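Read off the chains here:
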Amino acid sequence: MEMTGWISGQVFFQTVDQGEVEQINAFLNSRGIISQVLTQSEHMMLDPADPSVGVTSERFSMAIQLGGFPQVIGPVLNELIQRAHGGGWEVEDSAGPVGD
């Protein structure tokens, strides 16, 4: 059996850890995968009488656009899923852009 066609779509990773964003970016860059980081910042006031007292939090979304033949995209998507669910984002020394 052969599988033909073209798969395209987006994958989003969300985190509140800026260090993790840097690790994911380094990993994606080592694989030649382009991504975009979207940042949402929220500020909650704890005391309406004193606006300087509050808590600020940031949340990061990393958008990755994937497209290609299933035989190419499948392994890439599988690796991203495995790493996002506890596999870590360490870059191996032998890892290079696709085609190396």
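Residues numbered from 1 in each chain as written. Predicted model: local features only at pLDDT ≥ 70, side-chain atom pairs only at ≥ 80, totals over all residues. Heavy atoms only, no water.

Participant: Please give an account of helix α1 (residues 18-31) that cites residues and values.
Facilitator: Structurally, the α-helix is built with 3.6 residues per turn, so residues lying three or four positions apart point the same way. Taking 1.5 Å per residue as the helical rise, α1 with its 14 residues ought to reach 20 Å, and the 20 Å between its terminal C-alpha atoms agrees with that figure. In the core, the buried residues of α1 are packed alongside β1 (7-15), β2 (35-45), β3 (54-68) and α2 (70-87). The opening residue of α1, the one whose side-chain oxygen lies 2.9 Å from the backbone nitrogen of Gly19, is Asp17. Gly32 occupies a position one or two residues after α1 and carries a positive phi of about 75°. (Helix = DSSP H or I, 4+ residues; strand = E, 2+ residues; numbered from the N terminus. Expected span 1.5 Å × (residues − 1). Contact = heavy atoms within 4.5 Å. Polar contact = N/O pair within 3.5 Å; in protein donor to acceptor, adjacent residues only side chain to side chain.)

Participant: So, the environment of Gln18: which residues are in play, and what are the values?
Facilitator: The residue Gln18 is located in helix α1 in this model. You can call Gln18 partly exposed: its relative accessible area is 47%. Taking the C-alpha atoms as reference, Gln18 lies 8.6 Å from Arg59; in sequence the two are 41 residues apart. With near-sequence residues (within four places) excluded, Gln18 lies in contact with Glu58 and Phe60. (Buried < 20%, exposed > 50% of the residue type's maximum accessible area, 1.4 Å probe, protein only.)

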